[in-house]
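Here's the letter readout for the chains.
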Amino acid sequence: MSIPFIDLQAQRKALGPLLDEAIKRVLERGDFIQGKEVQEFEEALSLFTGAVHSLTCGNGTDALTLVGMAEGLGAGDAVFVPAFTFVATAEAFSVLGATPYLIDVDPITFNLSVESLKQGIADSKLAGLKPKMVVAVDLFGQPANYNSIKDVSEEHGLILVADAAQAFGASLYGKRVGTLADYTTLSFFPAKPLGCYGDGGAILTDLDGKATLIRSLMQHGKGGEKYDNVNIGLNSRLDTIQAAILLEKLKVFEDELSSRNEIAKRYSKSLEEFAETPSLIEGAISNWAQYTIKLERRDEVQSKLKEVGVPTAVYYPKPLNQQNAYMHYPVVSSGVTVSEKLASQVLSLPMHAYMPEKTQQQIIEHVIDAITQ
Ligand SMILES: *Cc1c(COP(=O)(O)O)cnc(C)c1O
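None of the values given here were measured: they were computed from a predicted structure.

(A) Local environment of the domain arrangement of the protein. We note that the domain assignment places domain 1 (8-103 + 110-251) and domain 2 (253-372) within the protein. Counting from both sides, the interface comprises 47 residues of domain 1 and, opposite them, 37 residues of domain 2. Interface area, domain 1 with domain 2, both sides summed: about 3500 Å², of which 63% is carbon and sulfur. Looking only at domain 1, the three residues that lose the most surface to domain 2 are Phe84, Leu102 and Phe140, adding up to 22% of its buried area. At the junction of domain 1 with domain 2, the criterion picks out one salt bridge. The residue arginine 176 makes a salt bridge to glutamate 254 at a minimum N-O spacing of 3.3 Å. When residues of the side of domain 1 that touches domain 2 are traced back to their parent elements, those giving at least two are α1 (8-15), α5 (88-94), β3 (99-103), α6 (114-126), β6 (171-172) and α9 (240-251).

(B) Region of the structure containing the packing of helix α2 (residues 18-29) against α9. At a minimum axis distance of 9 Å, the contact between α2 and α9 shows a crossing angle of 150°. Taken together, the axis directions place α2 and α9 in an arrangement best described as roughly antiparallel. When the axes of α2 and α9 are compared, the crossing they make is right-handed. On the side of α2, the interface is formed by Leu18, Leu19, Ala22, Ile23, Arg25, Val26, Leu27 and Arg29, while α9 contributes Thr240, Ile241, Ala244, Ile245, Glu248 and Lys249.

(C) Molecular detail of the environment of asparagine 287. Mapping asparagine 287 onto the fold places it in the loop between β10 (284-285) and β11 (291-294). Look at asparagine 287 and you get buried, because its relative accessible area is 0%. If near-sequence neighbours (up to four positions away) are discounted, asparagine 287 is found in contact with Phe140, Gly141, Gln166, Ala167, Phe168, Ala170, Pro193, Leu257 and Arg260. A polar side-chain atom of asparagine 287 sits 2.9 Å from the main-chain carbonyl oxygen of glutamine 166. Among the polar contacts listed, one links the side chain of asparagine 287 to the backbone nitrogen of alanine 289, at a separation of 2.9 Å.

The rules behind the values
- Residues numbered from 1 in each chain as written.
- Predicted model: local features only at pLDDT ≥ 70, side-chain atom pairs only at ≥ 80, totals over all residues.
- Heavy atoms only, no water.
- Domains from an automatic or database assignment.
- Contact = heavy atoms within 4.5 Å.
- Buried area = accessible area lost by both parts, 1.4 Å probe.
- Salt bridge = Lys/Arg side-chain N within 4 Å of Asp/Glu carboxyl O.
- Helix = DSSP H or I, 4+ residues; strand = E, 2+ residues; numbered from the N terminus.
- Axes fitted to C-alpha atoms, helices over the stretch in contact; angles between N-to-C directions.
- Parallel < 35°, antiparallel > 145°, perpendicular 65-115°, else oblique.
- Left-handed = near helix turned anticlockwise from the far one by under 90°.
- Buried < 20%, exposed > 50% of the residue type's maximum accessible area, 1.4 Å probe, protein only.
- Polar contact = N/O pair within 3.5 Å; in protein donor to acceptor, adjacent residues only side chain to side chain.

In structure tokens form, the structure reads like this:
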């Protein structure tokens, strides 16, 4: 039996010739940079999420860096990030010379802990840093607890950023990801729920002035004319071919979201008595970028599953405070013990919108066997 962890080819088959035709249209027109579909896709993103401005860029990491640049982050500025995330959440601000300040996450949702954030803000001031920004990550597709986080960010004058690289299409109390923070960043890396066939990203915001600034920053700090440069920026754009692919994929995305939710429901129903299955906060709808369970004997279960041909993944085996390049950054005084524990417990199971029910049943049986044996 050969089960894919994420089956991108099944999606390609389901879309039929639409993707090839979309790519061909760009090839024939030749507007590879900032072409027709880039603008169309940005409009579609705003329509889908409700965000006023959608600005596509090169990837999800650049999206975060561009937000940091738009807010003028630099030396002495503290950016609060969860220790349990993909490295880009911190890296994007390290490159600007700002200080990623590592805080802990909630053991149930894996998302930013508000208590830990409060502690981090107090600590950072004592350490002589300026608390500037908090980056909440919507890990595995579940929105962070924005209502509580917003109370804290507003009280302390922090800019609130949603690193929603994994959470496009998710929502909180009926509000779509893209409208839950001052800035939302997205990634269209192929394995993300809405993925292109290369790198891609976007920034969503309702802030008019900042949107204009980011539009300039992502094109070498461009001014009104082509060779007029008013800011020091980056070269970070979404290719027209990728935008064309994303436009086609967005048309079936709602259906894919329903399918992912069905699959997650089936996993939970079958596995909840054998492992700690995911729980959502009140009002949250996940896009199930990953379906991640918690296990005490995780490594043993993972290797048993590998033997029987069930692929799984560990996101993430090390919290940021244990990564060589990030060890020197400050950690909240109350510690990131939840992040450290989760790194040894989490296991993500195969998840994609095109998984046949029969395949899922086989996976479930193998997971139960591996846990109970
Ligand atoms: C994927 C991811 C990113 C980075 O996105 P890229 O497009 O690969 O640069 C950032 N943050 C999180 C949480 C991610 O999962």
